[in-house]
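Residue-level structural notes
Given next are the chains, with one letter for each unit.
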Amino acid sequence: MKNDQCIFCKIAAGEIPSKTIYEDDEFRVILDLGPATKGHALILPKEHYANLYELPEETAKKVICLAKKMASVMTEKLHADGFNLVQNNGEVAGQTVFHFHMHLIPRYKGDGQTIGWKPGKPSDEELEAIRKAISE
Ligand code: 5GP
Ligand code: ZN
């Protein structure tokens, strides 16, 4: 299903031009207009899913396989030194476009980017309570 209000639906469908680096029946991979590093790209499913929660399992499997392939090709062609896969869900997590997408971010020594978090210092009790909440 497409969403008339969604810019990534229009880009994925080819209705809005983009710098496409890969396309098949289900996905388009485009260069990000505000790249973190040289070659920063986005995997877009052609169907509209707002986020990871809505993504069907079969599509999720294909996304990770495509991410792996793209990471290898991009690392080789762009002479990258490493690679980040980033995928944001919800405004609080930094999502700004509400059509599922996976960021492909080639990394270069000295690129000056930081993709990370401030590590917390939970006690063993806190970790145990979280473990229980998730898995019991
Ligand atoms: P998010 O913050 O939702 O995880 O990532 C959205 C990404 O989409 C950002 O990195 C932003 O630069 C990129 N972006 C937003 N609008 C457009 C657009 O129209 N074209 C392209 N190629 N990238 C876009
Ligand atoms: Zn969409």
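Before any of the text, the structure's been laid out above.
As a starting point, this report considers the structure included with it. (Residues numbered from 1 in each chain as written. Chains lettered and ligands numbered in written order. Predicted model: local features only at pLDDT ≥ 70, side-chain atom pairs only at ≥ 80, totals over all residues. Heavy atoms only, no water.)

1. Focus on the sheet that holds strand S5 (residues 102-107)
- The strand order across the open sheet built from five strands is S1-S2-S3-S5-S4, with neighbouring strands paired in antiparallel fashion. What marks the edges here is a single partner per strand, and that holds for strand S1 (20-23) and strand S4 (82-86). Strand-to-strand, the axes of this sheet are offset by a mean angle of 20°, without reference to chain direction.
- Judged from the five bridges that link them, S4 and S5 form a sheet pairing that is antiparallel. What sits directly across from Phe83, in S5, is Pro106.
- Contacting S1, strand S2 (27-31), strand S3 (41-45), S4 and S5, helix H2 (residues 57-78) runs over the sheet at an angle of about 20° to S5. (Pairing = 2+ DSSP bridges. Helix = DSSP H or I, 4+ residues; strand = E, 2+ residues; numbered from the N terminus. Axes fitted to C-alpha atoms, helices over the stretch in contact; angles between N-to-C directions. Contact = heavy atoms within 4.5 Å.)

2. Thoughts on the coordination of the zinc ion (ligand 2)
- Bound to the zinc ion (ligand 2) are the protein donor atoms Cys6 (SG), Cys9 (SG), His48 (ND1) and His99 (ND1), situated 2.0 to 2.3 Å from the metal.
- In this structure, the zinc ion (ligand 2) is surrounded by four donor atoms whose angles at the metal cover 104 to 117°, and the resulting shape is tetrahedral.
- On the primary sequence, the residues serving as donors to the zinc ion (ligand 2) are separated as C-x2-C-x38-H-x50-H. With Cys9 in helix H1 (residues 7-12) and His99 in the loop between S4 and S5, this residue pair connects regions lying 90 residues apart in the sequence. One exposure class covers both Cys9 and His99, and it is buried. (Donors = N, O, S within 2.8 Å, 3.2 Å for Na, K, Ca; no water. Tetrahedral: all angles 85-135°; square planar, octahedral: opposite > 155°, others 65-115°. Buried < 20%, exposed > 50% of the residue type's maximum accessible area, 1.4 Å probe, protein only.)

3. Some thoughts on unusual backbone geometry
- Positive phi, normally seen in glycine, also occurs at His79, with a value near 55°.
- Among the structural elements, His79 can be located in the loop between H2 and S4.
- When its relative accessible area of 64% is taken as the criterion, His79 is described as exposed.

4. Description of the pairing of S5
- For S5, a buried count of six out of six residues is recorded, marking the element as mostly surrounded by other parts of the structure.
- Side chains Met102, Leu104 and Pro106 project from S5 onto one buried face, and the interleaved His103, Ile105 and Arg107 project onto a second face that is buried too.

5. Describing a nonpolar patch on the surface
- On the surface, Ile21, Tyr22 and Leu31 cluster together into a nonpolar patch covering about 220 Å² of accessible area.
- Turning to its location among the elements, Leu31 is positioned in strand S2. (Patch = residues over 30% accessible without salt bridge, like charges linked within 9 Å, V, L, I, M, F, W, Y side chains within 5 Å. Areas by Shrake-Rupley, 256 points an atom, 1.4 Å probe, with all protein chains shown as cover. Salt bridge = Lys/Arg side-chain N within 4 Å of Asp/Glu carboxyl O.)

6. Notes on the nonpolar core
- Membership of the largest hydrophobic core comes to 14 residues, with the highest contact counts inside it found for Val29, Ile43 and Leu104.
- For this core, the secondary structure elements donating two or more residues are S2, S3, H2 and S5.
- Tallying contributions element by element places H2 first for this core, with five residues.
- Among residues more than four places away in sequence, those in contact with Ile43 are Phe27, Arg28, Val29, Val63, Leu66, Ala67, Phe100, His101, Met102 and Leu104.
- Core analysis: the next-biggest nonpolar cluster, separate from the first, contains nine residues, Cys6, Phe8, Cys9 and Ala12 among them. (Core = buried A, V, L, I, M, F, W, Y, C linked by side-chain atoms within 4.5 Å.)

7. Observations concerning the site of ligand 1
- Around ligand 1 sit 16 residues in total, of which Asp32, Asn88, Gly94, Thr96 and His103 are the nearest.
- Contact between ligand 1 and Leu31: a nitrogen atom at 2.9 Å from a main-chain N or O atom of the residue.
- Taking Leu33, its main chain carries an N or O atom lying 3.4 Å from a nitrogen atom of ligand 1.
- When ligand 1 sits alone it has 520 Å² of accessible area, and the protein chains cover 80% of it.
- When residues of the shell around ligand 1 are traced back to their parent elements, those giving at least two are H1 and S2.
- Counting residues per element, the shell around ligand 1 draws most heavily on H1, at three residues.
- For the shell around ligand 1, the per-class residue count stands at eight nonpolar, seven polar and one charged. (Near = heavy atom within 4 Å. Polar contact = N/O pair within 3.5 Å; in protein donor to acceptor, adjacent residues only side chain to side chain. Nonpolar A, V, L, I, M, F, W, Y, C, P; charged D, E, K, R; others polar.)

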